[in-house]
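Here is how the chains run, residue by residue.
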Amino acid sequence: MPNTSESFRMMKAEIIQLPRFEDPRGNLSFIEELKHIPFKIERTYWIYDVPGGQVRGGHAFKEQQELIVALSGSFDVVVDDGKEKQLFSLNRSYYGLYIPAGLWRQMENFSTNSLALVLSSTKYHATDYIYDYAEFLNFRGL
Ligand code: TYD
């Protein structure tokens, strides 16, 4: 679990294991900004009621860093740095996928009743989105 300034310099997408308190009454996990994730949380949103076969995302953010958690059910996140694609399958609420700024990402293969929580380092700015793949490659200097 990253908790030093050194480990916060993550420039690639990676799974972060979140604290987990197992309890016969039910399990509990939590996230503190700048402790379990390398950014301050400016916004939280969630994606739910995704019909089978639908895809969300499919763009990059210039500035936004994020942590994506499958609070319920499962889905895949494909992260693309312009050269290589990585597929992360999320299906546990105590794992989060950290995605730094500047990567193309797509969410797909949502299970029925899945719930995707996204913690974002920025407020919503439509101008932070890159929707055009050629523009994304240019942004990456590729
Ligand atoms: P968007 O991020 O484009 O969803 P996806 O990448 O999964 O297709 O968001 C869809 C719409 O929701 C977008 O047009 C604007 C609105 N929106 C907000 O107003 N605030 C937010 O924080 C987010 C994430 C989206």
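In this report, we go over the structure that sits alongside the text. Just so you know, these numbers come straight off a predicted model, no measurement behind them. (Residues numbered from 1 in each chain as written. Predicted model: local features only at pLDDT ≥ 70, side-chain atom pairs only at ≥ 80, totals over all residues. Heavy atoms only, no water.)

Here we look at the environment of N113
Here is step 1 of the chain: Structurally, N113 is set in the loop between β10 (104-108) and β11 (115-120).
Here is step 2 of the chain: Distance in space between the C-alpha atoms of N113 and G73 is 6.3 Å, their sequence separation being 40 residues. (Helix = DSSP H or I, 4+ residues; strand = E, 2+ residues; numbered from the N terminus.)

Some remarks on empty space enclosed by the protein
Here is step 1 of the chain: What the rule picks out here adds up to one cavity of 30 Å³ or more.
Here is step 2 of the chain: Size it by volume and the largest cavity reaches roughly 40 Å³.
Here is step 3 of the chain: Around the largest cavity, the lining residues are F61, Q64, E66, I99, P100, A101, G102, L103 and R105.
Here is step 4 of the chain: Of the residues that constitute the lining of the largest cavity, the class distribution is five nonpolar, two polar and two charged. (1 Å grid on protein atoms, 1.4 Å probe; cavity = no way out; pocket = protein on both sides within 12 Å on 5 of 7 lines; lining within 4 Å. Points joined across faces, edges and corners; volume = space filled by probe spheres on them. Nonpolar A, V, L, I, M, F, W, Y, C, P; charged D, E, K, R; others polar.)

Regarding the pattern of salt bridges
Here is step 1 of the chain: Evaluation of the coordinates by the stated rule reveals five salt bridges.
Here is step 2 of the chain: Note that R25 is salt-bridged to D23, the shortest N-O span being 2.8 Å.
Here is step 3 of the chain: Residue R25 is classed as exposed on the basis of its relative accessible area of 76%.
Here is step 4 of the chain: Since its relative accessible area comes to 24%, D23 is described here as partly exposed.
Here is step 5 of the chain: Note that E33 and K40 form a salt bridge whose closest N and O atoms lie 2.9 Å from each other.
Here is step 6 of the chain: Take K40: its relative accessible area is 46%, and that puts it in the partly exposed class. (Salt bridge = Lys/Arg side-chain N within 4 Å of Asp/Glu carboxyl O. Buried < 20%, exposed > 50% of the residue type's maximum accessible area, 1.4 Å probe, protein only.)

Brief notes about the site of the ligand
Here is step 1 of the chain: In the vicinity of the ligand, the contacting residues are R43, Y45, R56, G57, H59, Y124, Y129 and Y131.
Here is step 2 of the chain: Here an oxygen atom of the ligand sits 2.4 Å away from a polar atom, N or O, in the side chain of R43.
Here is step 3 of the chain: The backbone of G57 places a nitrogen or oxygen atom 3.0 Å from an oxygen atom of the ligand.
Here is step 4 of the chain: When the free accessible area of the ligand is taken as 520 Å², the share hidden by the protein chains comes to 59%.
Here is step 5 of the chain: If you list the elements that add at least two residues to the shell around the ligand, you get β4 (43-47) and β5 (56-61).
Here is step 6 of the chain: Looking at the shell around the ligand element by element, the count peaks at three residues for β5. (Near = heavy atom within 4 Å. Polar contact = N/O pair within 3.5 Å; in protein donor to acceptor, adjacent residues only side chain to side chain. Areas by Shrake-Rupley, 256 points an atom, 1.4 Å probe, with all protein chains shown as cover.)

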